[in-house]
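# Overview (structure and organization)
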Amino acid sequence: MSVPDPQRGPSSPPQPTGESAPGPQPLLGATEIRRLANEIGVRPTKTLGQNFVIDGNTIRRIVAAARLDPSETVLEVGPGLGSLTLGLLDAAARVVAVEIDPVLAGKLPATVRAFRPHLADSLDVVLSDAMRVTELPAEPTALVANLPYNVAVPVVLHLLEHFPSLQHGLVMVQDEVADRLAAAPGSKTYGVPSVKAAWYSSMRKAGVIGMNVFWPAPKISSGLVSFTRREPPQTSASREQVFAVIDAAFAQRRKTLRAALAGWAGGAVEAERYLATAGVDPRARGEVLDIIAFTRIAEAKALS
Ligand code: SAM
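Predicted model, so just to flag it, every value in this text is computed and none were measured.

## A look at the overall build of the protein chain
Across its full length, the protein chain carries 12 helices and 9 strands. When the backbone C-alpha atoms are referred to their principal axes, the protein chain occupies close to 75 × 35 × 30 Å. Here the protein chain holds 304 residues, and 53% of them are scored as buried. Long-range contacts, defined here as pairs at least 24 residues apart, represent 71% of the contacts in the protein chain between residues at least 6 apart. Carbon together with sulfur atoms contributes 52% to the accessible area of the protein chain, which is approximately 13,700 Å² in total.

## Some remarks on the domain arrangement of the protein chain
Domain boundaries assigned for the protein chain yield domain 1 (6–229) and domain 2 (239–302). Averaged C-alpha coordinates put domain 1 and domain 2 at centres separated by 36 Å. Taken residue by residue, the interface counts 13 residues in domain 1 and 15 residues in domain 2. Here domain 1 packs against domain 2, burying approximately 1,100 Å² in sum over the two surfaces, 68% of which is carbon and sulfur. Our count for the contact surface shared by domain 1 and domain 2 stands at 2 salt bridges. Counting across the interface, domain 1 meets domain 2 through 6 residue pairs in polar contact (both at pLDDT 80 or more).

## Looking at the sheet that holds strand 2 (residues 73–77)
Spatially, the 7 strands line up as an open sheet ordered 4-3-2-5-6-9-7, and their pairing is mixed. Edge positions in the sheet fall to strand 4 (123–127) and strand 7 (201–209), since each of these pairs with one other strand and no more. Taking the axes of each pair of neighbouring strands and ignoring which way they run, one obtains an average angle of 20° across the sheet. The sheet contact formed by strand 2 and strand 3 (residues 94–99) spans 5 bridges and is parallel. Looking at strand 3, one finds that V77 is bridged to V98. Relative to strand 7, helix 6 (residues 175–182) is tilted by about 155°, and along the sheet it contacts strand 6 (168–174), strand 7 and strand 9 (222–229).

## Quick word on the packing of aromatic side chains
One pass over the full model with this rule turns up 6 aromatic pairs. Centroid distance W264 to Y274: 5.8 Å. Interplanar angle 70°. Geometry classified as edge-to-face. Taken together, the residues W264 in helix 10 (residues 262–265) and Y274 in helix 11 (residues 268–278) connect sequence positions 10 residues apart. With respect to burial, W264 and Y274 carry one shared label: buried. Three or more aromatic residues joined by ring pairs make a cluster, and in this case those are Y190, F250 and F294. Note that R239 overlies the ring of F243, its terminal NZ or CZ placed 5.1 Å from the centroid. Looking at K301, its charged tip hangs above the ring of W264, at a distance of 4.8 Å from the centre.

Cut-offs and rules
- Residues numbered from 1 in each chain as written.
- Predicted model: local features only at pLDDT ≥ 70, side-chain atom pairs only at ≥ 80, totals over all residues.
- Heavy atoms only, no water.
- Helix = DSSP H or I, 4+ residues; strand = E, 2+ residues; numbered from the N terminus.
- Buried < 20%, exposed > 50% of the residue type's maximum accessible area, 1.4 Å probe, protein only.
- Contact = heavy atoms within 4.5 Å.
- Areas by Shrake-Rupley, 256 points an atom, 1.4 Å probe, with all protein chains shown as cover.
- Domains from an automatic or database assignment.
- Buried area = accessible area lost by both parts, 1.4 Å probe.
- Salt bridge = Lys/Arg side-chain N within 4 Å of Asp/Glu carboxyl O.
- Polar contact = N/O pair within 3.5 Å; in protein donor to acceptor, adjacent residues only side chain to side chain.
- Pairing = 2+ DSSP bridges.
- Axes fitted to C-alpha atoms, helices over the stretch in contact; angles between N-to-C directions.
- Phe/Tyr/Trp six-rings, centres within 6.5 Å; stacked < 30°, edge-to-face > 60°.
- Lys NZ or Arg CZ within 6 Å of the ring centre and 35° of its normal.

Structural data, given as structure tokens:
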């Protein structure tokens, strides 16, 4: 694995000094990203959502919006060629980077040694699928990631479930998915991702990012979503029981809850009974209910 040569000109990283480096640090631009990709023979794939950020200002914007404390351990999903990783290392105490692509995961430590020699020991790289990972080398307090778009929602939900130490975060996702994650009851984009995310956290849209800051450029805009963890609703129903009601209600989104929940409840009459116990109008649709209302419905069945 080759480390870039410090003598190679303006796109090369600064010469390692072994000392802490004060002041603004260089981030990866289009030239560095293409060079790193060439060095390891990476051709970005759609399947893994590989669109790499080639714009330092976008990285600075993401890191600023993440509001990291310098003492934090950050979980980054999909570090890719390291664009965001370098920005996160500058802002936090430690970065745990989970990457599914073995070639990218293998290259990352060398990239960090080349561009941030004084921070190389602050990085852990975990070669794993972020939708399955359940153990990390350090307890992360924040999730900051430019997520692979096709699996963004399951990744966020999986990590919030398995890593209770995650207190807040900022993720870049497809803009439409950002709207869904942050949607409030009653809005057109409100659905399963919005309600399940609300079980763990409060989510807020934090901006839109254009297509030209990526290589290769995607065909759609991206959105930033920031979140803060909160306690899940107090209930005797389990999370799985609550999520089962949510899935049933949105599987037939246009139907009234009485009809949509019939299969889940064991019949329309039972559904109506649970809805009445929960204080929810059986003629309403799932899209108007908040997470508390879904919790009350699950509880009504669990206690019956
Ligand atoms: N963070 C880099 C950046 O901003 O330039 C790359 C972001 S790119 C949108 C998504 C990254 O996630 C890729 O590096 C890809 O290989 C990785 N990835 C895709 N699916 C993954 C998964 N299930 N678990 C972990 N990483 C994944």
